[in-house]
Amino acid sequence: DSARRIMGAADIIRAGVDDIDGIEVMGDPLWLIAFRASDPDIDIYLVNDRLKALGWRLNSLQLPPALHFCVTRPNTREGVAEAFVEALRDAVGYAREHAGEAAESGAMYGFGGTPQGNQTLNQLMSGVLDAMHEVAPEGV
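Below is a short write-up of the structure. (Residues numbered from 1 in each chain as written. Predicted model: local features only at pLDDT ≥ 70, side-chain atom pairs only at ≥ 80, totals over all residues. Heavy atoms only, no water.)

1. Description of the packing of helix H1 (residues 2-19) against helix H3 (residues 80-97)
1) Next: Relative orientation of the contacting elements H1 and H3 amounts to 20°, with a least axis distance of 9 Å. Judged by the angle between their axes, H1 and H3 are roughly parallel. For the pair H1 and H3, the sense of crossing is right-handed. Only Ala81, Glu82, Phe84, Val85, Leu88 and Arg89 of H3 make contact with H1, whose side of the interface consists of Ala9, Ile12, Ile13, Gly16, Val17 and Asp19.
2) Next: Class assignment for the residues of the contact of H1 with H3 results in 8 nonpolar, 1 polar and 3 charged. (Axes fitted to C-alpha atoms, helices over the stretch in contact; angles between N-to-C directions. Helix = DSSP H or I, 4+ residues; strand = E, 2+ residues; numbered from the N terminus. Parallel < 35°, antiparallel > 145°, perpendicular 65-115°, else oblique. Left-handed = near helix turned anticlockwise from the far one by under 90°. Contact = heavy atoms within 4.5 Å. Nonpolar A, V, L, I, M, F, W, Y, C, P; charged D, E, K, R; others polar.)

Dropping the structure here:
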(Lines give C-alpha, C1' and ligand atoms only; values in the text may rest on other atoms or scores of the structure.)
Protein backbone atom coordinates (compact mmCIF):
# COMPACT_ATOMS: atom_id res chain seq x y z
CA ASP A 1 0.00 0.00 0.00
CA SER A 2 2.84 2.42 0.87
CA ALA A 3 4.61 1.76 -2.43
CA ARG A 4 1.38 2.25 -4.38
CA ARG A 5 0.73 5.56 -2.61
CA ILE A 6 4.34 6.74 -3.12
CA MET A 7 4.19 5.92 -6.82
CA GLY A 8 0.81 7.69 -7.12
CA ALA A 9 2.13 10.86 -5.46
CA ALA A 10 5.22 10.74 -7.67
CA ASP A 11 3.01 10.47 -10.76
CA ILE A 12 1.12 13.60 -9.69
CA ILE A 13 4.37 15.52 -9.11
CA ARG A 14 5.93 14.37 -12.35
CA ALA A 15 2.82 15.30 -14.35
CA GLY A 16 2.80 18.66 -12.56
CA VAL A 17 6.40 19.38 -13.51
CA ASP A 18 5.63 18.36 -17.10
CA ASP A 19 2.74 20.84 -17.10
CA ILE A 20 4.79 23.85 -15.97
CA ASP A 21 6.34 25.82 -18.81
CA GLY A 22 10.05 26.46 -18.34
CA ILE A 23 11.06 23.38 -16.35
CA GLU A 24 11.49 19.74 -17.29
CA VAL A 25 11.80 16.36 -15.62
CA MET A 26 15.22 14.77 -15.92
CA GLY A 27 15.28 11.15 -17.03
CA ASP A 28 12.45 8.70 -16.43
CA PRO A 29 12.06 8.73 -12.64
CA LEU A 30 9.86 6.56 -10.47
CA TRP A 31 9.73 8.36 -7.09
CA LEU A 32 12.79 10.64 -7.11
CA ILE A 33 11.65 13.46 -9.36
CA ALA A 34 14.58 15.58 -10.54
CA PHE A 35 13.88 18.64 -12.65
CA ARG A 36 15.78 21.54 -14.18
CA ALA A 37 15.04 24.71 -16.07
CA SER A 38 14.39 24.26 -19.77
CA ASP A 39 14.13 28.04 -20.18
CA PRO A 40 17.52 29.78 -19.92
CA ASP A 41 15.82 32.75 -18.22
CA ILE A 42 14.84 30.61 -15.21
CA ASP A 43 17.39 30.18 -12.43
CA ILE A 44 16.44 26.90 -10.75
CA TYR A 45 17.99 28.13 -7.51
CA LEU A 46 15.58 31.09 -7.49
CA VAL A 47 12.83 28.47 -7.82
CA ASN A 48 14.33 26.79 -4.76
CA ASP A 49 14.47 30.08 -2.85
CA ARG A 50 10.74 30.54 -3.34
CA LEU A 51 9.97 26.92 -2.47
CA LYS A 52 11.90 27.36 0.79
CA ALA A 53 9.88 30.49 1.57
CA LEU A 54 6.73 28.43 1.01
CA GLY A 55 7.94 25.74 3.42
CA TRP A 56 9.27 23.14 0.98
CA ARG A 57 12.79 21.71 1.27
CA LEU A 58 14.33 20.17 -1.83
CA ASN A 59 17.84 19.00 -2.53
CA SER A 60 19.89 21.05 -4.97
CA LEU A 61 21.94 19.49 -7.73
CA GLN A 62 24.85 21.20 -9.40
CA LEU A 63 25.87 19.73 -12.75
CA PRO A 64 23.42 20.46 -14.25
CA PRO A 65 21.70 22.91 -11.92
CA ALA A 66 18.53 21.14 -10.81
CA LEU A 67 16.36 20.22 -7.84
CA HIS A 68 14.91 16.92 -6.78
CA PHE A 69 11.95 15.76 -4.72
CA CYS A 70 12.16 12.30 -3.18
CA VAL A 71 8.61 11.09 -2.56
CA THR A 72 8.30 9.25 0.76
CA ARG A 73 5.34 8.14 2.86
CA PRO A 74 4.69 11.56 4.49
CA ASN A 75 4.31 13.02 0.98
CA THR A 76 1.44 10.62 0.26
CA ARG A 77 -0.97 12.36 2.61
CA GLU A 78 -4.07 13.72 0.94
CA GLY A 79 -3.31 16.85 -1.10
CA VAL A 80 0.45 17.05 -0.45
CA ALA A 81 1.53 16.26 -4.02
CA GLU A 82 -1.00 18.69 -5.44
CA ALA A 83 0.08 21.40 -2.98
CA PHE A 84 3.70 20.90 -4.02
CA VAL A 85 2.82 21.28 -7.71
CA GLU A 86 1.01 24.55 -6.98
CA ALA A 87 3.97 25.81 -4.93
CA LEU A 88 6.31 24.83 -7.76
CA ARG A 89 4.17 26.70 -10.29
CA ASP A 90 4.33 29.77 -8.03
CA ALA A 91 8.10 29.34 -7.60
CA VAL A 92 8.73 29.21 -11.35
CA GLY A 93 6.73 32.43 -11.69
CA TYR A 94 8.84 33.95 -8.92
CA ALA A 95 12.04 32.93 -10.74
CA ARG A 96 10.77 34.56 -13.94
CA GLU A 97 9.92 37.78 -12.06
CA HIS A 98 13.35 37.86 -10.40
CA ALA A 99 15.44 36.82 -13.42
CA GLY A 100 18.99 38.12 -13.15
CA GLU A 101 18.95 38.41 -9.36
CA ALA A 102 21.34 36.31 -7.33
CA ALA A 103 19.72 33.31 -5.68
CA GLU A 104 20.26 32.71 -1.98
CA SER A 105 20.28 28.95 -2.40
CA GLY A 106 22.26 26.68 -4.64
CA ALA A 107 24.50 23.70 -4.60
CA MET A 108 27.91 24.09 -2.96
CA TYR A 109 26.98 26.93 -0.62
CA GLY A 110 25.22 29.19 -3.06
CA PHE A 111 27.59 29.22 -6.00
CA GLY A 112 26.94 25.85 -7.57
CA GLY A 113 26.85 25.72 -11.33
CA THR A 114 29.07 28.79 -11.58
CA PRO A 115 32.65 28.81 -12.83
CA GLN A 116 33.84 29.54 -9.27
CA GLY A 117 31.77 26.69 -7.85
CA ASN A 118 32.98 24.23 -10.46
CA GLN A 119 36.60 25.28 -9.87
CA THR A 120 36.20 24.85 -6.11
CA LEU A 121 34.67 21.40 -6.58
CA ASN A 122 37.51 20.38 -8.90
CA GLN A 123 40.14 21.64 -6.45
CA LEU A 124 38.46 19.93 -3.52
CA MET A 125 38.13 16.60 -5.30
CA SER A 126 41.71 16.81 -6.61
CA GLY A 127 42.93 17.34 -3.05
CA VAL A 128 40.91 14.39 -1.78
CA LEU A 129 42.22 12.12 -4.53
CA ASP A 130 45.80 13.29 -3.95
CA ALA A 131 45.50 12.56 -0.23
CA MET A 132 43.97 9.15 -0.86
CA HIS A 133 46.81 8.10 -3.16
CA GLU A 134 49.71 9.68 -1.31
CA VAL A 135 52.52 7.25 -0.61
CA ALA A 136 53.50 6.78 3.02
CA PRO A 137 56.72 8.55 4.04
CA GLU A 138 59.93 6.50 3.95
CA GLY A 139 60.69 4.63 7.13
CA VAL A 140 57.08 4.16 8.13
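From this point on, the discussion continues.
2. Focus: H1
1) Next: For H1, with 18 residues, the first-to-last C-alpha span of 26 Å sits near the 26 Å given by 1.5 Å per residue.
2) Next: Looking only at H1, the buried set comprises Ile6, Ala9, Ala10, Ile13, Gly16 and Val17. The buried residues of H1 all sit within an arc of 120° when viewed along its axis, so they share a single face. Away from its buried face, by an angle of more than 90 degrees, H1 presents the exposed residues Arg4, Asp11, Asp18 and Asp19.
3) Next: Where the residues of H1 are buried, they touch strand S1 (23-25), strand S2 (32-37), strand S4 (66-70) and H3. (Expected span 1.5 Å × (residues − 1). Buried < 20%, exposed > 50% of the residue type's maximum accessible area, 1.4 Å probe, protein only. Arc of directions from axis to C-beta.)

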